Amino acid sequence: MLSFCRLPIPECADTQFRQFCFLHFSSPTMPKVKSFFIKDQLKYQTLKITGSQQEGPMENGGQNMVQVQQNGNLSGSHSPIMTGSIDDSRTNLIVNYLPQTMTQEEIRSLFSSIGEVESCKLIRDKTTGQSLGYGFVNYKSPDDADKAISTLNGLRLQNKTIKVSVARPSCESIKGANLYISGLPKTMTQLELENLFSRCGSIITSRILSDPVTGLSKGVGFIRFDQRHEAERAIKDLNGKIPEGSTEAITVKFANSPSSTTKSTIPLTMASYLTASPTRRFLGPIHHPAGRYSLNPIRYSPLESTAAATGLITTPTSALISGNPLQPTGWCIFVYNLAPETEENTLWQLFGPFGAVQSVKVIRDFQSQKCKGFGFVTMTNYEDSLMAIQSLNGFALGNRILQVSFKTNKTKMM
DNA sequence: CGACGGGACGC
DNA sequence: CGACGGGACGC
């Protein structure tokens with residue numbers, strides 16, 4: 001069942017190279033060919049494995065390895081572990097792409113089959129407790145660590161192929177080096193993405209997100225650099241830049257941390273629940289048009305104060321307003337004729353009195369950071385949105401007359 | 001008269 | 001000769 005072979009990789013005992021070794025098989029179930037390459041040196045070697053998966057590779061592999069072996073000292077010639085040393089640079093492994101359900105004890109059990117494990121830690125989300133899919137295994141002996149890499153790297157567990165490599169020493173400078181990139185051309189490949197960012201530093205991983213159904217790129221992706229300063233450089237160099245052959249500027253920023261990612265969707269959902277029904281109860285039934293706005297209607301819309309009540313009869317279906325499909329996010333309102341200096345707080349102040357406002361957005365020119373004359377406001381309740389539109393459309397803000405309506409589907413392309 | 005974003009965060 | 005899955009650094 002195991003789709004790996006025991007295969008010593010002496011040159012990978014060199015810490016500098018080991019972390020760049022990749023092992024893969026040509027076939028998931030019956031590997032005939034095993035190859036590896038050292039990314040930094042663009043050097044790789046393939047071992048043809050034709051016989052038994054246990055003995056054959058051991059011998060073949062060991063001989064083949066000698067060609068690239070630099071200072072292999074596999075069998076007994078190594079010095080004993082330094083007593084009292086805290087040097088775990090050769091014993092500490094990072095295990096990636098673990099199955100979601102795998103526990104720390106299962107990991108410990110698996111890796112203990114190689115040799116004595118000093119410590120084992122599965123990294124979990126701080127708040128949810130969910131596995132983050134990676135962990136650390138520290139062996140007592142460097143030889144066992146080597147053996148674990150050669151034996152367990154590439155092991156298929158459930159739907160995952162785990163990766164076992166030497167962990168970089170824990171160091172502040174490698175944290176926060178993961179970038180989130182948006183605005184990528186839909187045609188851009190992962191390789192092209194890496195080519196774009198490789199000038200800024202050493203890329204550890206990259207990824208372009210794609211729609212699981214269509215397989216098409218979502219135009220966003222990730223780049224993890226080796227060092228945080230490299231990521232910072234990439235933000236400076238590439239944020240707002242237009243890739244060659246594209247017309248759109250990309251956005252480069254630090255990626256969310258895993259824990260904040262899971263948190264972020266919950267408050268929005270909660271907000272919809274909390275604001276929707278209780279608020280309406282306080283407003284009273286529809287046939288009672290004297291809402292809170294009727295106390296001072298002239299303040300917002302002197303010309304339309306009586307018309308405001310007529311829109312409260314029914315909530316339209318999603319088909320009626322094309323820009324507002326019935327979505328959990330609410331009703332999106334287009335606000336036009338904003339001054340260049342307009343900021344978000346202006347929109348909050350304008351729309352807040354009409355009910356729950358989920359978000360506001362002032363659209364700005366990237367270069368000047370001045371408002372392009374319009375913005376968007378998303379409100380939770382249809383009735384509140386309608387009241388806000390009817391009241392604020394035509395409202396004089398400074399020396400400008402606002403135009404306020406539900407958002408349509410217009411885009412630059414159409 | 002015109003004018004309708006950006007985000008998206010990996011199972 | 002040839003090449004790579006997927007949240008990669010301690011929550």
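Refer to the structure printed above.
Computed from a prediction, not measured in an experiment: that's the story for all the values here.

## Brief notes about the side chain of Ser150
For step 1, the next point in the chain: Topologically, Ser150 is positioned in helix α4 (residues 142-152).
For step 2, the next point in the chain: On the basis of relative accessibility, which here comes to 6%, the residue Ser150 falls in the buried class.
For step 3, the next point in the chain: Reaching out from Ser150, the side chain makes a polar contact with the backbone oxygen of Lys147 at a distance of 3.0 Å.

## Quick look at the side chain of Asn92
For step 1, the next point in the chain: Secondary-structure assignment places Asn92 in strand β4 (residues 92-96).
For step 2, the next point in the chain: Taking relative accessible area as the criterion, Asn92 reaches 15% and is therefore assigned buried.
For step 3, the next point in the chain: For Asn92, the contacting residues outside a window of four places in its chain are Phe136, Val137, Asn138, Ser165, Val166 and Ala167.

## Some remarks on the protein's contact with DNA strand B
For step 1, the next point in the chain: Near DNA strand B you find 28 residues, and of these Asn178, Tyr180, Tyr336, Gln403 and Lys407 are the closest.
For step 2, the next point in the chain: Each atom of DNA strand B within 4 Å of the protein belongs either to a base or to sugar and phosphate, the latter forming 39%.
For step 3, the next point in the chain: Residue Gln100 places a side-chain N or O atom 2.8 Å away from a base oxygen belonging to DNA strand B.
For step 4, the next point in the chain: For DNA strand B, a base nitrogen lies 3.4 Å from a polar atom in the side chain of Tyr180.
For step 5, the next point in the chain: Contributions of two or more residues to the surface near DNA strand B are made by β10 (178-182), β11 (203-210), β12 (217-225), β13 (251-254), β14 (331-336), β15 (357-364), β16 (371-379) and β19 (403-406).
For step 6, the next point in the chain: Here the residues of the surface near DNA strand B are counted per class, giving 11 nonpolar, 10 polar and 7 charged.

## What to know about helix α5 (residues 190-197)
For step 1, the next point in the chain: Buried within α5 are the following residues: Leu193, Glu194, Leu196 and Phe197. The buried residues of α5 all sit within an arc of 160 degrees when viewed along its axis, so they share a single face. With respect to the buried face of α5, the exposed residues turned more than 90 degrees away are Leu191 and Asn195.
For step 2, the next point in the chain: In this fold, the buried residues of α5 make contact with β10, β11, β12, α6 (228-238) and β13.

## A short note on the sheet that holds strand β9 (residues 163-166)
For step 1, the next point in the chain: Pairing is antiparallel across the open sheet formed by 4 strands, whose spatial order is β5-β6-β4-β9. Two strands lie at the open edges of the sheet, namely β5 (117-124) and β9, each paired on one side alone. Neighbour-to-neighbour, the strand axes of this sheet turn through a mean angle of 20 degrees, independent of strand direction.
For step 2, the next point in the chain: Of the pairings in the sheet, the one linking β4 to strand β6 (residues 131-139) comprises 5 bridges and is antiparallel in character. Within β6, the position partnered with Ile94 by the bridge is Phe136.
For step 3, the next point in the chain: Here α4 sits on the sheet in contact with β4, β6 and β9, set at roughly 150 degrees to β9.

## A short note on the nonpolar core
For step 1, the next point in the chain: If you look at the biggest cluster of nonpolar residues, it comprises 24 residues, and the most contacted ones within it are Ile333, Val335, Leu347, Phe351, Val377, Met379 and Val404.
For step 2, the next point in the chain: For this core, the secondary-structure elements that each account for two or more residues are β14, α8 (344-351), β15, β16, α9 (382-392) and β19.
For step 3, the next point in the chain: With 6 residues, α9 is the single largest residue contributor to this core.
For step 4, the next point in the chain: Ignoring any residue separated from it by four or fewer positions in sequence, one finds Leu347 in contact with Val335, Leu338, Gly352, Val360, Lys361, Val362, Phe376 and Val377.
For step 5, the next point in the chain: Core analysis: the next-biggest nonpolar cluster, separate from the first, contains 22 residues, Leu98, Phe111, Leu122 and Leu155 among them.

## Section: α6
For step 1, the next point in the chain: For α6, every residue scored as buried is listed here: Glu230, Ala231, Ala234 and Leu238. When α6 is viewed along its axis, its buried side chains cluster within an angular range of 100 degrees and face the same direction.
For step 2, the next point in the chain: Its buried side turned inward, α6 meets β10, α5, β12 and β13.
For step 3, the next point in the chain: Downstream of α6 by one or two residues, Gly240 has phi in the positive range, about 85 degrees.

## Re the pairing of β10
For step 1, the next point in the chain: Within β10, 4 of the 5 residues are buried, which leaves it mostly tucked inside the rest of the structure.
For step 2, the next point in the chain: Bridge count for β10 against β12 is 5 bridges, and the pairing is antiparallel. In the strand pairing of β12, Ile181 is matched with Gly221.
For step 3, the next point in the chain: With 4 bridges connecting them, β10 and β13 associate as antiparallel partners. Paired with Tyr180 across the strands is Lys253, a residue of β13.

## Quick word on unusual backbone geometry
For step 1, the next point in the chain: Of note in the backbone geometry, Tyr97 takes a positive phi value of approximately 60 degrees without being a glycine.
For step 2, the next point in the chain: With respect to the element layout, Tyr97 can be found in the loop between β4 and α3 (104-112).

## With respect to the sheet that holds β16
For step 1, the next point in the chain: Strand order in the open sheet formed by 4 strands is β15-β16-β14-β19, with antiparallel pairing between adjacent strands. Because the sheet does not close on itself, it has two edges, and the strands there are β15 and β19. Recorded for the sheet is a direction-independent mean angle of 20 degrees between the axes of neighbouring strands.
For step 2, the next point in the chain: Note that β14 and β19 share 4 bridges and pair antiparallel. By the bridge assignment for β19, Tyr336 is matched with Gln403.
For step 3, the next point in the chain: Together, β14, β15, β16 and β19 form the strand contacts of α8, whose direction differs from that of β15 by roughly 140 degrees.
For step 4, the next point in the chain: Here α9 sits on the sheet and contacts β14, β16 and β19; the angle it forms with β19, its principal contact strand, is near 155 degrees.

Definitions and limits used
Residues numbered from 1 in each chain as written. Chains lettered and ligands numbered in written order. Predicted model: local features only at pLDDT ≥ 70, side-chain atom pairs only at ≥ 80, totals over all residues. Heavy atoms only, no water. Helix = DSSP H or I, 4+ residues; strand = E, 2+ residues; numbered from the N terminus. Buried < 20%, exposed > 50% of the residue type's maximum accessible area, 1.4 Å probe, protein only. Polar contact = N/O pair within 3.5 Å; in protein donor to acceptor, adjacent residues only side chain to side chain. Contact = heavy atoms within 4.5 Å. Near = heavy atom within 4 Å. Nonpolar A, V, L, I, M, F, W, Y, C, P; charged D, E, K, R; others polar. Arc of directions from axis to C-beta. Pairing = 2+ DSSP bridges. Axes fitted to C-alpha atoms, helices over the stretch in contact; angles between N-to-C directions. Core = buried A, V, L, I, M, F, W, Y, C linked by side-chain atoms within 4.5 Å.

Remember that the coordinates give geometry; whether it matters functionally is a separate question.
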